[in-house]
Amino acid sequence: KQEVTQIPAALSVPEGENLVLNCSFTDSAIYNLQWFRQDPGKGLTSLLLIQSSQREQTSGRLNASLDKSSGRSTLYIAASQPGDSATYLCAVLTGANSKLTFGKGITLSVRP
Amino acid sequence: DTGVSQNPRHKITKRGQNVTFRCDPISEHNRLYWYRQTLGQGPEFLTYFQNEAQLEKSRLLSDRFSAERPKGSFSTLEIQRTEQGDSAMYLCASSPPSVRGKYGYTFGSGTRLTVV
């Protein structure tokens, strides 16, 4: 059974800091990995998708990397801003029915 | 098409009542998923449709839960005889037919259910 872990559960940083969010998964037989952002009480917004054959993807100040063999991914956020405050969820796509398995998320607070 | 649409956004119901949620996926997406998310947890898989066929149901989906996707378009999730433990955010997502892994899911804004 696939399990996804995100540690720590919460993180508080001052504005302007570069930061890394970590994600690990137990079964390396994945099709892709997605990072999502979730604001309080809202749905999920996809940030980046990395296919299993890829090593990283970039979008603006965000960079996500994937090491499938070791079961790890990182989301790098450059020059953090208060507007980046949200919960960041990592999810991996596996199985015949292409199901996503999620971690519990990391709640990020960026202090002005 | 602006994305995945879910209605209602919020639902408050008394214990024992039935509720139904609706999801309208992106029109060209043939895959549709329902997930449930409780406070402080990541979303958990409930069920999956490919076109109109329900191909997988989670063990989380008790007999009180039923989902349909008539004609492979919108989907409904019904909960009968609601319990306080059903209080959660119910999320719908869709994805296109594709080589596996090339495309991701697009999620709706969710329906927040509160059972009192």
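Overview of the structure. Because the structure is predicted, anything quoted here is derived from the model rather than measured.

A closer look at the overall build of chain B
Within chain B, the regular secondary structure consists of zero helices and eleven strands. For chain B, the succession of helices and strands along the chain, N to C, is β-β-β-β-β-β-β-β-β-β-β. A globule of 116 residues ought to have a C-alpha radius of gyration of about 13 Å, and chain B, at 14 Å, matches this closely. Summarising its shape, the C-alpha atoms of chain B cover approximately 45 × 25 × 25 Å along the three principal directions. Looking at chain B residue by residue over its 116 residues, the buried ones come to 47%. Accessible surface for chain B amounts to roughly 5900 Å². Of this, 44% is attributable to carbon and sulfur atoms.

Comments concerning the packing of aromatic side chains
Counted according to the given criterion, the structure contains eleven aromatic pairs over all chains. Arranged with centres 5.4 Å apart and planes meeting at 90 degrees, the rings of Phe-36 of chain A and Phe-107 of chain B form a pair that is edge-to-face. Here Phe-36 of chain A is found in strand β4 (residues 32-38), whereas its partner Phe-107 of chain B is found in strand β10 (residues 106-107) on a different chain. Residue Phe-36 of chain A is classed as buried on the basis of its relative accessible area, which comes to 1%. Centre to centre, the rings of Tyr-35 of chain B and Tyr-105 of chain B are 6.2 Å apart; their planes meet at 65 degrees, and the pair counts as edge-to-face. With Tyr-35 of chain B in strand β4 (residues 31-37) and Tyr-105 of chain B in the loop between β9 (88-95) and β10, this pair connects stretches of sequence that are 70 residues apart. Judged by relative accessible area, Tyr-105 of chain B falls into the buried class, the value being 4%.

Details of the interface of chain B and chain A
Each partner contributes residues to the interface: chain B has 25 residues there, and chain A has 22 residues. Together, the buried faces of chain B and chain A total about 1900 Å²; carbon and sulfur atoms form 50% of this surface. On inspection of chain B and its partner chain A, the count reaches one salt bridge. With a shortest N-O distance of 2.7 Å, Glu-56 of chain B and Lys-99 of chain A are connected by a salt bridge. One can count ten residue pairs in polar contact (both at pLDDT 80 or more) joining chain B with chain A. Taken together, the elements giving at least two residues each to the side of chain B that touches chain A come down to β4, β5 (44-50), β6 (53-57) and β9 of chain B.

Side note on the sheet that holds strand β7 (residues 65-68) of chain B
The pairing of strands in a sheet comes from backbone hydrogen bonds and takes either a parallel or an antiparallel form. Residue and element names in this part refer to chain B. Pairing in this open sheet of four strands is antiparallel, and the strands run β1-β3-β8-β7 from one edge to the other. Sheet topology places β1 (5-7) and β7 at the edges, where each strand pairs with a single neighbour. Adjacent strand axes in the sheet meet at a mean angle of 15 degrees when their direction is disregarded. Where strand β3 (residues 19-24) lies against strand β8 (residues 75-79), five bridges are found, and the strand directions are antiparallel. Counterpart to Val-19 in the pairing with β8 is Ile-79.

Some points on the state of the cysteines
Residues and elements named next belong to chain A. The full count for this structure, using the stated rule, is two disulfides over all chains. The disulfide that involves Cys-23 links it to Cys-90, with 2.0 Å between the sulfurs. Residues Cys-23 and Cys-90 are joined through a disulfide that is left-handed, its torsion about the S-S bond being -60 degrees. Within this pair, whereas Cys-23 is found in strand β3 (residues 19-25), its partner Cys-90 is found in strand β9 (residues 86-94), the two being separated by 67 residues in sequence. For Cys-90, a relative accessible area of 0% puts it in the buried group.

The rules behind these values
- Residues numbered from 1 in each chain as written.
- Chains lettered and ligands numbered in written order.
- Predicted model: local features only at pLDDT ≥ 70, side-chain atom pairs only at ≥ 80, totals over all residues.
- Heavy atoms only, no water.
- Helix = DSSP H or I, 4+ residues; strand = E, 2+ residues; numbered from the N terminus.
- Rg over C-alpha atoms; globule rule 2.2 N^0.38 Å.
- Buried < 20%, exposed > 50% of the residue type's maximum accessible area, 1.4 Å probe, protein only.
- Areas by Shrake-Rupley, 256 points an atom, 1.4 Å probe, with all protein chains shown as cover.
- Phe/Tyr/Trp six-rings, centres within 6.5 Å; stacked < 30°, edge-to-face > 60°.
- Contact = heavy atoms within 4.5 Å.
- Buried area = accessible area lost by both parts, 1.4 Å probe.
- Salt bridge = Lys/Arg side-chain N within 4 Å of Asp/Glu carboxyl O.
- Polar contact = N/O pair within 3.5 Å; in protein donor to acceptor, adjacent residues only side chain to side chain.
- Pairing = 2+ DSSP bridges.
- Axes fitted to C-alpha atoms, helices over the stretch in contact; angles between N-to-C directions.
- Disulfide = S-S within 2.5 Å.

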